[in-house]
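As a plain string of letters, each chain reads:
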Amino acid sequence: MNKLILYFAAVSSMLMSCSTEIFDETEEIESGTHFLKVSTVSPDDEVLYPVHVYAYDASGDEVSTLDINSASDDLSMELSTGTYTIAAVSGSTDFSKGYASEPLMLAKGNVMITTKDETVGLTMQYAVAKLSIALENVPENIKNVEVAVNSINTKISPLGECSNDKEVKLQCRQADEEGLWKTDTVYVLPSVGESLTVTI
């Protein structure tokens, strides 16, 4: 029985959008239930565990999930013969405030299940931007500084689809006595459009 090994990379709108498909059209498709072995890697070998993996059928319905807790995990999904989109998510997924304190990694790819011994390797990529704002020469009489960033998405699906853009507010803290104020370093989803508007 042949083993078909597939490797996929996903890139967000800062890093992610398209996927790769590799199908062996000469292989006879067997009906029934089969197993898909799933593994994850990243270009810098820094995958954020646990990784949550989702399988979507050709209709877009979620049909199976599994969690990978370490690089040594040897896990498989039980799937019927067919074509699936496999998505992987790790790190922070809560962007309800408009930002998160930890990064988010995503990966996805398409696979055709035809035998009982198939493998998919998902390459995790960061799907967020690191954001930190510093303001210089703030007058001494100013006691509170807040910045607002417009049009930041606050929701993202396992497939990397962003939505619910809104204004995100970040509190600044005084960093020194010379009028330097900074926000904490946070992670944000892709913005709507190609530019951001920052209001103080």
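Worth saying up front: this structure is predicted, and the values here are computed from it rather than measured. (Residues numbered from 1 in each chain as written. Predicted model: local features only at pLDDT ≥ 70, side-chain atom pairs only at ≥ 80, totals over all residues. Heavy atoms only, no water.)

Draft legend 1. Looking closely at the overall build of the chain. The helix and strand inventory of the chain stands at zero helices and 16 strands. Considering only residue pairs separated by 6 or more positions, the chain has 68% of its internal contacts joining residues 24 or more positions apart. (Helix = DSSP H or I, 4+ residues; strand = E, 2+ residues; numbered from the N terminus. Contact = heavy atoms within 4.5 Å.)

Draft legend 2. Seen up close, the pairing of strand S7 (residues 104-113). Counting buried positions along S7 gives nine out of 10 residues, so the element sits mostly inside the fold. Both strand S6 (residues 82-91) and S7 contribute to a ladder of 10 bridges, which runs antiparallel. Bridge pairing in S7 links Gly82 to Ile113. Of the pairings in the sheet, the one linking S7 to strand S9 (residues 125-126) comprises two bridges and is antiparallel in character. Pairing of Leu106 across the sheet is with Gln125, part of S9. (Buried < 20%, exposed > 50% of the residue type's maximum accessible area, 1.4 Å probe, protein only. Pairing = 2+ DSSP bridges.)

Draft legend 3. Highlighting the confidence of the model for the chain. Per-residue confidence for the chain gives a mean pLDDT of 83; residues scoring 70 or more make up 84%. Mean pLDDT across the elements of the chain bottoms out in strand S1 (residues 4-9) (27) and peaks in strand S3 (residues 51-56) (97). pLDDT under 50 marks residues 1-29. Its contacts with residues more than four places away, or in other chains, come to 73 contacts. (pLDDT = per-residue confidence, 0-100.)

Draft legend 4. Local environment of unusual backbone geometry. Note the cis peptide between Tyr49 and Pro50, where omega equals 0°. Note that Pro50 resides in the loop between strand S2 (33-41) and S3. Despite not being glycine, Asn137 shows a phi value in the positive range, around 60°. As for its position among the elements, Asn137 is in the loop between strand S11 (134-135) and strand S12 (146-156). Of the residues examined, Asn137 reaches a relative accessible area of 65% and is grouped as exposed. The backbone of Ser151 shows a phi angle near 60°, a positive value even though the residue is not glycine. Looking at the secondary structure, you find Ser151 in strand S12.

Draft legend 5. Spotlight on the pattern of salt bridges. A full pass over the atoms with the stated rule returns two salt bridges. Between Asp74 and Lys37 there is a salt bridge, with the nearest N and O atoms lying 3.4 Å from each other. Of this pair, Asp74 sits in the loop between strand S4 (62-68) and strand S5 (75-80) while Lys37 sits in strand S2; the two residues are 37 residues apart in sequence, bridging distant segments of the chain. Residue Lys37 is classed as partly exposed on the basis of its relative accessible area of 35%. We note a salt bridge from Arg173 to Asp184, for which the minimum N-O separation is 3.1 Å. With Arg173 in strand S13 (residues 162-174) and Asp184 in the loop between strand S14 (181-183) and strand S15 (186-188), this pair connects stretches of sequence that are 11 residues apart. On the basis of relative accessible area, Arg173 is assigned to the partly exposed category, the value being 44%. Residue Asp184 is classed as partly exposed on the basis of its relative accessible area, which comes to 48%. (Salt bridge = Lys/Arg side-chain N within 4 Å of Asp/Glu carboxyl O.)

Draft legend 6. Representation of the sheet that holds S3. Sheet architecture is open: five strands sit in the order S4-S3-S6-S7-S9, paired in antiparallel fashion. The sheet is open, and its two edges are formed by S4 and S9, each paired on a single side.

Draft legend 7. The side chain of Thr40, seen in detail. With respect to the helices, strands and loops of the structure, Thr40 is situated in strand S2. Thr40 gets classed as buried once you look at its relative accessible area, which sits at 11%. If near-sequence neighbours (up to four positions away) are discounted, Thr40 is found in contact with Val47, Tyr49, Val51, Ile68, Leu122 and Met124.

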